[in-house]
Amino acid sequence: DDVARVAPRWPVRLAMRLAGGTGSTLRFTFAPSYPQAGPLRCELHSEDVGVLAHEKDILAAAEEERAPLGFPSVVVMFQAAQQWVEDHEADIAARAASGGVLPAATGADGDEDGDDDDAPADAWWKRDREDPVDEALIQEAEKKAAELLPDDGSGTAWARAFGAGNYNKPWEFVVGLVGKPSAGKSTLFNAATRPEEADREAAMAPHPFTTIDPNVGPGWFAAPCPAEALGLGDKVQPEHGRAPSSRRRLPLLVKDVAGLVPGAYLGRGKGNAFLNDLCDADSLIHVVDASGRSDREGVDQGRSGGGGGGGSATSSGDGGASSDPLEEVGWVRHEIHLWIFCNVREKWDTIRRKARMATTAPLREHLADRLFGLFTGYRATRPFVTQVFEKAGFKLNDVFNWTEYHAHLFVACFLRARFPIMVALNKADVPGAGPRIERARKVLGSSCVAVSARSEWWLWDQQRKGHLTYLEGGGADTVELAPAAPAAVREQLEKMKAAVFRVHGCTGVQEILSAAVQRRQPLYVCPVSDLGTLEPLQKMSEKDTRAPAALPPLATMLLMRPLSTVDEAFRVIRHEQMLRGDFVRAEVLTDLGSRTSRVLKREDALRGDGDPTKAIVLKVLSN
């Protein structure tokens with residue numbers, strides 16, 4: 001944006017000076033649609049004959065760092081070129097002294113950027129993106145990855161090393177909604193974010209690609225509340241409100257991206273634009289049409305029944321069904337897998353050359369930088385990718401001999417750690433969805449939730465109109481009709497009770513959001529000023545000269561990443577302006593029932609009494 005403001009006419013050109021070469025610059029020319037859809041051109045200009053003699057090598061080093069479409073490349077390409085110049089300073093000086101003539105021939109073992117002559121022409125890494133992949137290898141890799149990284153919460157450390165960098169402040173959790181067109185993502189988005197005004201709603205329609213650009217909005221999930229364990233009951237008034245089952249609401253961000261179709265990794269549908277939009281997410285919710293009415297392209301093959309949110313979506317049981325929800329479940333992960341795998345495969349020739357030369361510790365570190373750098377573009381840090389690499393049992397010494405299966409396994413393990421997926425079996429109110437939901441539950445277990453997004457949305461819409469009141473995420477007993485509610489609303493509510501509440505207990509919208517957050521095993525921290533009264537810490541402005549009015553006990557709660565330390569909690573609390581000054585002391589309730597506590601050191605990790613579903617009551621003092 002800064003470049004565009006300086007030179008608003010296209011094409012925009014940018015020159016960056018390389019240190020180590022007289023008058024040497026790397027010059028970039030941008031296309032108008034860069035970086036989302038258009039590439040950039042990179043050229044080397046120099047007055048140094050030694051640098052010009054290595055022009056091909058320097059540009060090759062820069063090109064190795066070129067990111068896929070959708071990601072900026074200028075800085076990483078420049079840094080790679082600069083690093084090459086610094087690493088080969090002696091060679092550049094020698095070429096300059098000899099007038100640009102190569103002093104001695106370079107052997108095959110020292111050719112960093114030559115072709116991989118020992119590789120067959122049909123090697124797996126030399127195939128094009130459009131070439132078919134071995135599906136059996138992907139299935140085998142995914143099965144092994146599930147064994148190495150099970151969905152049991154044992155990998156809590158993963159959540160500390162990816163996503164948007166929001167350390168030293170509360171975790172701004174982002175849930176991404178994915179799925180084929182017309183699965184109901186936009187309806188789920190509206191139901192989750194509950195917009196007050198119609199102009200803030202995401203577009204909803206029974207045809208593909210209702211969503212073109214991502215919709216992003218604040219939503220709510222249900223977090224554990226320590227009130228019941230502490231015997232406080234209704235005395236606790238959470239700042240964001242209550243949730244069913246003695247829980248409390250906490251905010252998150254919900255991101256609904258454009259619909260996905262088979263072959264998105266090849267650019268079909270919204271292609272890479274869709275896949276790039278996922279990178280902000282901490283967890284994904286795969287929205288599946290549990291009614292089976294829409295085909296793989298997202299075209300609704302059934303008949304749309306009465307409006308609103310009730311159970312009258314179709315007039316005939318299973319008629320018009322054209323897909324199995326279980327087939328969809330693996331499909332989204334498969335598309336993301338192929339997207340990342342093809343990006344890795346395009347760079348594998350370079351990785352293999354570096355692996356062949358990685359005979360010393362510095363060269364192995366250079367290999368690791370390049371290999372792990374292929375994954376850091378998906379909002380993952382180097383330590384995160386290193387953990388995945390080691391968890392999969394890989395060693396850098398073996399990378400040169402990797403087969404296609406090893407690359408698939410690395411990608412599969414990365415996906416499981418980076419993008420945990422919950423499945424929303426949407427349109428659960430549609431007749432005929434029941435048997436499909438039961439089959440899915442037998443296979444997916446706790447990784448799926450039956451959802452009727454349009455029922456939740458209808459309830460909220462009627463509440464906005466004053467026709468009823470409803471506790472978000474609650475059952476039929478939390479719905480209360482207004483005396484003046486129209487007859488049509490009363491009739492629709494009865495249909496909803498029969499199709500949703502009596503079958504599933506609730507609409508499932510809040511439950512699927514809560515499950516997506518819980519997959520990351522976050523910490524729920526209630527900061528208090530006193531462990532006896534449980535008076536909560538609260539925000540203070542810089543102008544405050546007096547303590548704010550007391551709030552009900554445990555009113556505030558902060559969401560933090562797993563394995564956060566006391567010091568990190570203190571920084572978060574200070575960021576929220578609940579405390580000032582320096583850290584002095586911290587105490588935590590170790591048993592909510594007996595209210596026993598213990599002192600914590602600054603470097604101690606916070607743990608919810610060993611139970612990730614329990615809240616932590618923490619007292620922190622500062623000077």
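Residues numbered from 1 in each chain as written. Predicted model: local features only at pLDDT ≥ 70, side-chain atom pairs only at ≥ 80, totals over all residues. Heavy atoms only, no water.

Some thoughts on the confidence of the model for the protein chain
On average, residues of the protein chain score 82 in pLDDT, and 81% of them are at 70 or above. Here residues 102–114 is a poorly scored stretch, pLDDT under 50, and it has 19 contacts once near neighbours within four places are set aside; other chains count. Confidence drops under pLDDT 50 across residues 203–212; counting only partners more than four residues distant or on other chains, this segment forms 29 contacts. (pLDDT = per-residue confidence, 0-100. Contact = heavy atoms within 4.5 Å.)

Some points on the environment of L284
Tracing the sequence through the fold places L284 in strand β8 (residues 283–289). C-alpha separation for the pair L284 and V517, spaced 233 residues apart in sequence, amounts to 9.3 Å. Every residue in contact with L284, bar those within four places of it in the chain, is listed here: G176, V178, L278, I336, F419, P420, I421 and M422. (Helix = DSSP H or I, 4+ residues; strand = E, 2+ residues; numbered from the N terminus.)

Quick word on helix α17 (residues 566–575)
In terms of burial, α17 is a largely internal element, 7 of the 10 residues being buried. The set of residues buried in α17 consists of V566, D567, E568, A569, F570, V572 and I573. In this fold, the buried residues of α17 make contact with β13 (523–528), β14 (558–560), β15 (583–591), β16 (596–600) and β17 (615–622). Downstream of α17 by one or two residues, Q577 has phi in the positive range, about 60 degrees. (Buried < 20%, exposed > 50% of the residue type's maximum accessible area, 1.4 Å probe, protein only.)

Examining the packing of helix α9 (residues 325–357) against helix α10 (residues 361–376)
Closest axis-to-axis distance for the α9/α10 pair is 9 Å, and the angle between their directions is 175 degrees. It follows from the interaxial angle that α9 and α10 lie roughly antiparallel. Contact residues: I340, V344, K347, W348, T350, I351, K354, A355 and M357 in α9; L363, H366, L367, R370, L371, L374 and F375 in α10. Residue composition of the contact of α9 with α10, by class: 11 nonpolar, 2 polar and 3 charged. (Axes fitted to C-alpha atoms, helices over the stretch in contact; angles between N-to-C directions. Parallel < 35°, antiparallel > 145°, perpendicular 65-115°, else oblique. Nonpolar A, V, L, I, M, F, W, Y, C, P; charged D, E, K, R; others polar.)

Considering the packing of α9 against helix α13 (residues 433–444)
In the contact formed by α9 and α13, the axes pass within 9 Å of each other and the chain directions differ by 45 degrees. The orientation of α9 relative to α13 falls into the category oblique. Where α9 abuts α13, its residues P325, L326 and V329 lie against R436, R439, A440, V443 and L444.

A few points about helix α7 (residues 185–193)
Helical geometry note: an α-helix holds 3.6 residues per turn, so side chains three or four residues apart project in the same direction. In terms of residue burial, α7 counts as a mostly covered element, since 9 of its 9 residues are buried. Within α7, the full set of buried residues consists of K185, S186, T187, L188, F189, N190, A191, A192 and T193. Positive phi appears at R194, one or two residues downstream of α7, with a value of about 50 degrees.

Some points on the pattern of salt bridges
Using the criterion set out here, one finds 31 salt bridges in the structure. R242 is the salt-bridge partner of D234, the closest N and O atoms lying 3.9 Å from each other. Residue classification places D234 among the exposed residues on the basis of a relative accessible area of 62%. In this structure, a network of salt bridges that share partners links the residues E64, E65, D349, R353, K354 and R370. (Salt bridge = Lys/Arg side-chain N within 4 Å of Asp/Glu carboxyl O.)

A look at the nonpolar core
Counting residues in hydrophobic clusters, the biggest one holds 59 residues, and the most contacted among them are I340, W348, L371, F375, V399, F410 and F414. Elements with a contribution of two residues or more to this core: α6 (135–148), α9, α10, α11 (382–391) and α12 (404–418). Per-element accounting of this core gives the leading share, 12 residues, to α9. In contact with F414, not counting residues within four places along its chain, are I340, F375, Y378, A380, F384, V385, V388 and F419. Ranked by size, the runner-up nonpolar core spans 45 residues in total, among them L232, L513, Y524 and L592. (Core = buried A, V, L, I, M, F, W, Y, C linked by side-chain atoms within 4.5 Å.)

So, the sheet that holds strand β1 (residues 12–17)
Adjacent strands of a sheet pair through backbone hydrogen bonds, lying either parallel or antiparallel. Here 3 strands make up an open sheet; going across it, the order is β1-β2-β3 and the pairing antiparallel. Here the strands that pair on one side only, and so sit at the sheet edges, are β1 and β3 (40–45). Direction aside, neighbouring strands of the sheet carry axes that sit 20 degrees apart on average. Here strand β2 (residues 25–30) pairs with β3 via 6 bridges, running antiparallel. Residue pairing across strands places R27 opposite E43, the latter belonging to β3. Each of β1, β2 and β3 is contacted by helix α4 (residues 74–87), which is oriented at about 160 degrees to β2, the strand it contacts most. (Pairing = 2+ DSSP bridges.)

Focus: the environment of E603
Along the chain, E603 turns up in the loop between β16 and β17. Separated by 38 residues in sequence, E603 and T565 place their C-alpha atoms 5.7 Å apart.

A short note on the packing of aromatic side chains
Applying the stated criterion across every chain, the model contains 19 aromatic pairs. Their ring planes at 85 degrees and their centres at 5.9 Å tell us that W402 and F410 sit as a pair that is edge-to-face. Here W402 matches F410 in class, with each residue buried. Across the ring face of W220, the terminal group of R249 is positioned such that the distance to the ring centre comes to 4.1 Å. (Phe/Tyr/Trp six-rings, centres within 6.5 Å; stacked < 30°, edge-to-face > 60°. Lys NZ or Arg CZ within 6 Å of the ring centre and 35° of its normal.)

Thoughts on the pairing of β15
Where β15 meets β17, 5 bridges bridge the pair, whose relative direction is antiparallel. Bridging from a neighbouring strand, A586 pairs with V620 of β17. In this structure, β15 lies alongside β16, joined through 5 bridges in antiparallel fashion. Note that in β16 the partner of L589 across the bridge is S597. Once β15 ends, the chain turns through 4 residues before running back antiparallel as β16, passing R595 with a positive phi of about 60 degrees.

Here we look at unusual backbone geometry
Across the chain, the bulk of peptide bonds are trans and the bulk of non-glycine residues have phi less than zero. For S246, which is not glycine, the phi dihedral falls at a positive 60 degrees. Its place among the elements puts S246 in the loop between β6 (242–243) and β7 (247–256). With relative accessibility at 45%, the residue S246 sits in the partly exposed group. Positive phi values are uncommon outside glycine, yet L554 reaches one of about 55 degrees. Position of L554 relative to the elements: it lies in the loop between β13 and β14. Residue L554 is classed as buried on the basis of its relative accessible area of 0%.

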